[in-house]
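Descriptive analysis of the structure
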Amino acid sequence: MPRNPVAQTAFGPMVLAAVEQNEPPGRRLVDDDLAGLFLPPALRSLVRATRWGPVRRLMIRGSEFTGPGMWLNMACRKHFIDDKLEAALGNIDAVVILGAGLDTRAYRLNRKARIPVFEVDQPVNIALKAKTVRRVLGGPPLSVRLVALDFERDDLLTSLAEHGYHTDYRSFFICEGVTQYLTEAGARRTLEGLRAAAPGSRLVFTYVRRDFIDGTNLYGTRTLYRNTRERQQLWHFGLEPDEVEGFIAEYGWRLVEQAGPDEFVQRYAKPAGRNLPGSALEWSAYAEKS
């Protein structure tokens, strides 16, 4: 596994998605049949153990100790993004996944739509992704391009253009579980890179609350705060829900919808018969290019 502590965070969400596949179809919070295959052997073994219901429930309860409500948030944010992407497919020309990690969305999408997909991440994650895709699929589909960059220093559009991206694409940009790892300057640099996106482009991103970053509200999870803010300083940037509209408007984006824990419970958990709490720590936002 990568030694880079930020790169290592690519594994957690995919373990969650893989474990969810061991739920009966009607109870899954997210559908991702490739998630388990993209994991390294040790984590695949862990996921196999959760085929037994008591082990799976124990893992979910254990996750609540570290981050109460975050299992539901992370699973449902994936469902939310998949829903928005599915609805937009007839009106977009490309998909750009920022901070792609081990996400399988590009490869699941390739089954139904042959539009360009650009997976963007730091070089260590792109190298791991390329190796994983070769192992699982024999190599990336022609529609998928892997783009290595440093979000804090590199120019996003230049890096994308070097891999065949055109600014007149109506693009669907996905930034899932990424913004908190950037500095404010890095987050703004990324949005500045998206300023030139064509009208009709879409953007969906997640963010953590600013008051968690500054330590004034720990949302019931001292452990997560200690891990992400005190020990390794992994998380740097946050927003408040009432700031999002103005923040992205500076870069030409119009906020369409935000989804927090209450929406996720009502939209996804209750219909699946899952009695899981959500966390107000993390939110998802969906926007369109003005």
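Residues numbered from 1 in each chain as written. Predicted model: local features only at pLDDT ≥ 70, side-chain atom pairs only at ≥ 80, totals over all residues. Heavy atoms only, no water.

Once that is clear, we can look at the overall build of the chain. Within the chain, the regular secondary structure consists of 13 helices and 7 strands. Rg of the C-alpha trace for the chain: 18 Å, near the compact-globule value of 19 Å for 290 residues, within the 12% margin. A principal-axis box enclosing the C-alpha atoms of the chain has dimensions of 50 × 45 × 40 Å. The buried share of the chain, reckoned over its 290 residues, is 58%. (Helix = DSSP H or I, 4+ residues; strand = E, 2+ residues; numbered from the N terminus. Rg over C-alpha atoms; globule rule 2.2 N^0.38 Å. Buried < 20%, exposed > 50% of the residue type's maximum accessible area, 1.4 Å probe, protein only.)

Turning our eyes to something else, we now look at the packing of aromatic side chains. Aromatic ring pairs are reported here in terms of the distance separating the ring centres and the angle at which the planes meet. With the rule as written, the count across this model stands at 13 aromatic pairs. An aromatic cluster of at least three residues, connected via ring pairs, comprises Tyr181, Phe212, Tyr225 and Trp235. (Phe/Tyr/Trp six-rings, centres within 6.5 Å; stacked < 30°, edge-to-face > 60°.)

As for its position among the elements, lysine 270 is in the loop between helix H13 (261-269) and strand E7 (282-289). By relative accessible area, lysine 270 is classed as exposed at 52%. Between the C-alpha atom of lysine 270 and that of proline 13, which follows or precedes it by 257 residues, the distance is 21 Å.

Before going further, it helps to examine the pairing of strand E2 (residues 117-121). Taken across its 5 residues, E2 has 5 buried, putting it largely inside the fold. The side-chain alternation of E2 yields two buried faces, one formed by Val117, Glu119 and Asp121 and the other by Phe118 and Val120. Here strand E1 (residues 94-98) pairs with E2 via 4 bridges, running parallel. By the bridge assignment, valine 96 is partnered in E2 with phenylalanine 118. Since E2 and strand E3 (residues 144-148) lie parallel, the crossover through helix H7 (residues 123-137) that links them has a hand, and here it is right-handed. (Pairing = 2+ DSSP bridges. Right-handed = clockwise from strand over helix to strand, strands pointing away.)

Now for the sheet that holds E3. Taken together, 7 strands build an open sheet; the order of strands is E3-E2-E1-E4-E5-E7-E6 and the sheet is mixed. One side of each edge strand has no neighbouring strand; the edge strands of this open sheet are E3 and strand E6 (253-259). In this sheet, adjacent strand axes meet at a mean angle of 20° when their direction is disregarded. With 5 bridges connecting them, E1 and strand E4 (residues 171-175) associate as parallel partners. Counted as the bridge partner of isoleucine 97 is isoleucine 174 from E4. Strands E1, E4, strand E5 (202-208), E6 and E7 of the sheet are contacted by helix H5 (residues 70-88), whose axis makes an angle of about 15° with E7. (Axes fitted to C-alpha atoms, helices over the stretch in contact; angles between N-to-C directions. Contact = heavy atoms within 4.5 Å.)

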